[in-house]
Amino acid sequence: MDCRDVVKAIDEQIELNESSFLEHISSCENCSKYYASAQKLRALFSKYDKTLDDTFGDDFNNALFIRLQSASAPADVKKFRPSIIQIASALLFTLIFSVGIFYFSGAGSTGSELVSSTETELNAPVRIVLEYETDQDIENIEVAFVLDKGVRFYSKDEKFRNLDGFIWKGNLKKGKNEIPFVVSAVEEGSWKIVTEARFEGMSHRHLITFRTDGSKVAVVLYKLEKLSDNI
Amino acid sequence: MKNSEKELIKLATQGDKRAFCDLVSMHRAKLRSFSVNIACGNATLADDILQEALVKAFISMKNFELRGSFTTWLWRIIKNEFINYLRDPSNKLDTFSISTDEKDIEIPDPENSESEMIKSDVREEVHRLISLLPLKLRTAVILVDIQEMCYEEAAEILEISLTALKSRVFKGRKKLVEIVNGNADTRQLSADRFRSIDDDEEE
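Predicted model only: the values in this text are computed from it and were never measured. (Residues numbered from 1 in each chain as written. Chains lettered and ligands numbered in written order. Predicted model: local features only at pLDDT ≥ 70, side-chain atom pairs only at ≥ 80, totals over all residues.)

Asker: Which parts of the structure should I look at to understand the overall build of chain B?
Answerer: Along its length, chain B carries nine helices and zero strands. What you see in chain B, going N to C, is helices and strands ordered as α-α-α-α-α-α-α-α-α. When each of the 203 residues of chain B is scored for burial, the buried share is 37%. Across chain B, the fraction of contacts at a sequence separation of at least 24, relative to all contacts at a separation of at least 6, is 66%. (Helix = DSSP H or I, 4+ residues; strand = E, 2+ residues; numbered from the N terminus. Buried ≥ 20, exposed ≤ 12 C-beta atoms within 10 Å, placed from the backbone. Contact = placed C-beta atoms within 7 Å.)

What follows is the structure in structure tokens.
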């Protein structure tokens with residue numbers, strides 16, 4: 001064994017009782033010192049008392065419970081996409097709503113701006129794709145959806161249909177990103193969905209209105225006013 | 001997996017916040033220990049990031065698959081939360097003022113465990129040493145050498161191959177031994193710990 005083999009054996013903590021290893025250690029001052037330091041480190045780690053960290057018990061639980069009060073209910077993000085793909089072929093309309101999260105077309109615009117409109121039937125699925133374009137990767141973005149009672153997420157899952165709100169959390173890659181969702185107007189009347197993309201205190205809102213006329217439903221997408229100059 | 005744990009997971013998936021807290025309680029000591037270690041002993045930061053990670057875990061409960069290990073899944077979320085935190089160059093671990101004087105790196109005698117004072121010395125020194133490692137090496141050393149986790153589970157948490165994990169552990173140990181040995185360039189190491197995790201050495 002040479003110095004390199006010995007140091008490798010020490011780093012990998014492999015069996016160190018071989019006679020060639022012991023012989024080398026006893027004759028090589030550098031390796032002997034390295035071995036002693038490694039033993040010291042191992043002893044230090046073995047004496048490290050991990051249990052000391054849990055000294056706060058109920059306080060932590062209470063703090064967590066309070067923090068959870070503002071958290072949305074568990075959401076099945078992974079299953080959300082496949083369910084959209086499943087029903088996509090049955091869709092009558094697809095609305096694509098494209099925005100730049102860092103750059104507004106017409107910076108400094110105020111009020112709302114009509115982006116797109118279409119017509120559908122009561123209870124028919126409408127697939128809406130929010131397209132966000134960014135000039136860099138963005139992590140931990142939240143997109144909140146708030147629905148009036150007459151418009152629901154289009155899903156076989158009753159729990160999902162009953163949601164009045166939903167928060168999508170995820171990351172955006174540089175370039176175009178799509179966040180699709182499927183809804184339907186389920187009652188006659190005038191209804192709306194508000195979406196809001198949030199990122200580090202910045203906010204970007206959109207409004208989708210549903211107005212029924214008999215069995216027909218007019219759907220209109222608006223981009224709302226810019227809420228932050230930082231976007 | 002214990003039945004009670006399965007039951008709590010089921011309830012938490014349905015949105016039961018108290019059940020989720022009870023579930024966390026079952027693993028709290030290990031989770032917090034892991035967090036405090038990654039934060040190199042900064043308990044306030046560790047608790048804050050841990051709680052944030054747990055809120056995210058609650059929201060993502062439906063993505064947890066019962067056949068997997070709940071703690072491994074949680075550990076992964078916590079690890080990712082720390083990585084996200086440390087990716088931001090404005091976030092730094094406010095832990096110790098790392099001395100660049102080799103004489104100051106003194107290992108307390110771990111064989112002498114007569115008092116709590118020694119225990120706290122050991123803790124402080126462990127945190128001080130691991131804080132000198134870049135994050136990739138630090139997490140690997142924490143999981144394997146401090147949390148005493150098997151390589152397979154640690155690799156699963158870090159979402160890397162077994163070979164990559166072993167490489168990180170061995171490199172981490174080597175750096176630590178060199179520090180203890182007095183051969184390490186502690187100035188360089190002190191700078192390394194604030195490097196972006198993406199700049200860490202490749203396996």
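Asker: Which parts of the structure should I look at to understand the packing of helix α6 (residues 135–146) of chain B against helix α7 (residues 151–158) of chain B?
Answerer: Helices that pack against each other are described as a pair by the angle of their axes relative to one another and the distance between those axes. All names here are of chain B. Where α6 contacts α7, the axes come no closer than 9 Å and their chain directions differ by 145°. Regarding α6 and α7, the two cross each other, and that crossing is right-handed. Across the interface between the two elements, T139, A140, L143 and V144 from α6 touch Y151, A154, I157 and L158 from α7. Partitioned by chemical class, the residues of the contact of α6 with α7 number seven nonpolar, one polar and no charged. (Axes fitted to C-alpha atoms, helices over the stretch in contact; angles between N-to-C directions. Left-handed = near helix turned anticlockwise from the far one by under 90°. Nonpolar A, V, L, I, M, F, W, Y, C, P; charged D, E, K, R; others polar.)

Asker: Please clarify how the packing of α7(B) against helix α8 (residues 162–181) of chain B should be interpreted in this entry.
Answerer: Residue and element names in this part refer to chain B. Contact geometry for α7 and α8: axes closest at 9 Å, N-to-C directions at 100°. By the angle class used here, α7 and α8 are roughly perpendicular. Here α7 contributes Y151, E152, A154, A155 and L158 to the contact with α8, which in turn contributes L162, L165 and K166. Residues of the contact of α7 with α8, tallied by class, amount to six nonpolar, no polar and two charged. (Parallel < 35°, antiparallel > 145°, perpendicular 65-115°, else oblique.)

Asker: What's the story with unusual backbone geometry in this structure? I'm lost.
Answerer: Negative phi characterises most residues that are not glycine, and trans characterises most peptide bonds. Although it is not a glycine, A:N123 sits at a positive phi angle of roughly 70°. Looking at the secondary structure, you find A:N123 in the loop between β2 (113–121) and β3 (126–134). Even without glycine at this site, B:E148 takes up a positive phi of about 55°. Position of B:E148 relative to the elements: it lies in the loop between α6 and α7. Classification of B:E148 by C-beta neighbours within 10 Å gives exposed; the count is 12.

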